[in-house]
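One letter stands for each residue in the lines below.
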Amino acid sequence: MKTLAQAVLIGIGSVCLALAATSASAQVLDSAFTVQEATDTLAVFHQVVAVQTLTTGQTRQRLTDGLAVWGDDAAEVEAAPRWSAWGGASGALYDFDDEDFDGRGFSALAGIDHLLSDDFVLGFAIGYDRTAFETRLLDTPGDFDGQSYTFNFYGGWLASEAVLVDGFLSYTRTNLDIDQGTAAGDTTSDRASGGVGVTLSHAVGPLVVQPRISAAIAFDSQITYFDSNGNDIENERSALFRGTGGARITYPLSFGDMRLRPWAEAAIEGTLDDVGDAALLGDTFSGRFGGGMDFKISDWAISLSGGVAGIGGRDFTEFGGRLQIAYPF
């Protein structure tokens, strides 16, 4: 009888241990899903912002350089070359209020464009983007690493001396590595994105004031994969919308053949996604502030800028910078 009781107790104990192990495994798996949901839309956001910012900067430089609003002497402004090659890079650090998250991102684009007329430009750019986030959920450290390759068409239309319309269309392929506790996985995702913006230019004394509104949308589809524990992770689809409204103030300067344009800008930025409460980005409004210097030396156009975003409405603050160089030919 005693032997039977011991066998029953051992059996019950074995079942409890198995259930506990299964529960722990599910908890780790759930945390991996949470990491993916939390960080994926922020990685998409970083890449879309970089593409829109860099292509807009190039379009703006190509179509508005030499306009009367800058105070340039029209007789001294040479006809712009039909072609231009350019490259740009941007980086960002994400400082989270919650110490369980930390992140950074880097983007680089290289492109070429052609002036179809004095009022239209069309271009193509290829790029690389990397985002990395360190997490700690359920007292378990984790990592999210995404590397993307993007192909972009962009263009602009100078509707008048005071109105510039720009836009872009992109396809992005991303390789993802996700680790959380004992669970690890890698997969790929496909992303289609696009955006449009309208910039106005108005001279106010020695200053040039440029109000701007823009919008961008991205659709991301992650391919089904098996993680290191053999779990089937189903296809994940997400959508992200970003809208901004703000203004830039520039003080144009000239020193011989060199033109300098120091500027400062402020904007309200709003985001929407369909991921839910897990997303670090979320459905929020926040402030974005920045400043920089655009200058032209001989035929080279160079732009440097830095800024802070996520002010007042998010669980993180973004610190970023950008360098862009173009050469017309």
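Visitor: Any chance you could explain the overall build of the chain here in plain terms?
Guide: Secondary structure summary: the chain contains one helix and 16 strands in total. The 329 residues of the chain split such that 43% are buried. Carbon and sulfur atoms make up 64% of the accessible area of the chain, which totals about 15,800 Å².

Visitor: Explain the pattern of salt bridges here, please?
Guide: Two side chains with opposite charge may pair up if their charged atoms get near one another. Within the structure shown, the criterion is met by 12 salt bridges. The salt bridge involving D166 is made with R212; its shortest N-O contact spans 2.8 Å. Highlighted residues: D166 in strand β5 (residues 163–180) and R212 in strand β8 (residues 207–222), separated in sequence by 46 residues. With respect to class, D166 is no different from R212; both count as buried. Here R288 makes a salt bridge to E318, at a shortest N to O gap of 3.6 Å. Here the residue R288 occupies a position in strand β14 (residues 284–297), and E318 occupies one in strand β16 (residues 316–328), the gap between them amounting to 30 residues. The same class applies to R288 and to E318, which are both buried.

Visitor: In this structure, what is going on with the environment of H46? I would like to understand it.
Guide: Structurally, H46 can be placed in helix α1 (residues 2–64). Each C-alpha atom of the pair H46 and G105 lies 7.0 Å from the other, and the pair is 59 residues apart in sequence. Not counting chain neighbours up to four residues away, the residues in contact with H46 comprise A92, Y94, G105, F106, S107, D129, R130 and T131.

Visitor: Looking at this structure, I do not really get the packing of aromatic side chains. What am I missing?
Guide: The description of two aromatic rings rests on the distance between their centres and on the angle between their planes. Per the stated rule, a full pass over the model turns up nine aromatic pairs. Where F96 meets F316, the ring centres are 5.4 Å apart and the plane angle is 50°; that geometry is what we call tilted. Taken together, the residues span a long stretch of sequence, with F96 in strand β1 (residues 83–96) and F316 in strand β16 at a distance of 220 residues. Plain terms: the ring middles of F133 and F144 are 6.1 Å apart, the flat faces sit at 55° to each other, and that makes the pair tilted. Of this pair, F133 sits in strand β3 (residues 120–137) while F144 sits in strand β4 (residues 140–160), and the two are 11 residues apart along the sequence.

Visitor: Please explain the side chain of H46 as it appears in this structure.
Guide: Among the residues examined, H46 registers a relative accessible area of 5% and is labelled buried. Among the polar contacts made by the side chain of H46, one reaches the side chain of S107 at a distance of 3.2 Å.

Visitor: Where do I start with the pairing of β14 in this structure?
Guide: Look at any regular strand and the pattern is simple: side chains alternate between the two faces of the sheet. Examined bridge by bridge, strand β13 (residues 258–273) and β14 share 13 bridges and lie antiparallel to one another. Within β14, the position partnered with P262 by the bridge is M293. Where β14 lies against strand β15 (residues 300–311), 11 bridges are found, and the strand directions are antiparallel. Looking at the pairing, M293 lines up with L304 of β15. In sequence, β14 turns back onto β15 through a hairpin of two residues, with S298 there showing a positive phi of about 55°.

Quick notes on the rules
- Residues numbered from 1 in each chain as written.
- Predicted model: local features only at pLDDT ≥ 70, side-chain atom pairs only at ≥ 80, totals over all residues.
- Heavy atoms only, no water.
- Helix = DSSP H or I, 4+ residues; strand = E, 2+ residues; numbered from the N terminus.
- Buried < 20%, exposed > 50% of the residue type's maximum accessible area, 1.4 Å probe, protein only.
- Areas by Shrake-Rupley, 256 points an atom, 1.4 Å probe, with all protein chains shown as cover.
- Salt bridge = Lys/Arg side-chain N within 4 Å of Asp/Glu carboxyl O.
- Contact = heavy atoms within 4.5 Å.
- Phe/Tyr/Trp six-rings, centres within 6.5 Å; stacked < 30°, edge-to-face > 60°.
- Polar contact = N/O pair within 3.5 Å; in protein donor to acceptor, adjacent residues only side chain to side chain.
- Pairing = 2+ DSSP bridges.

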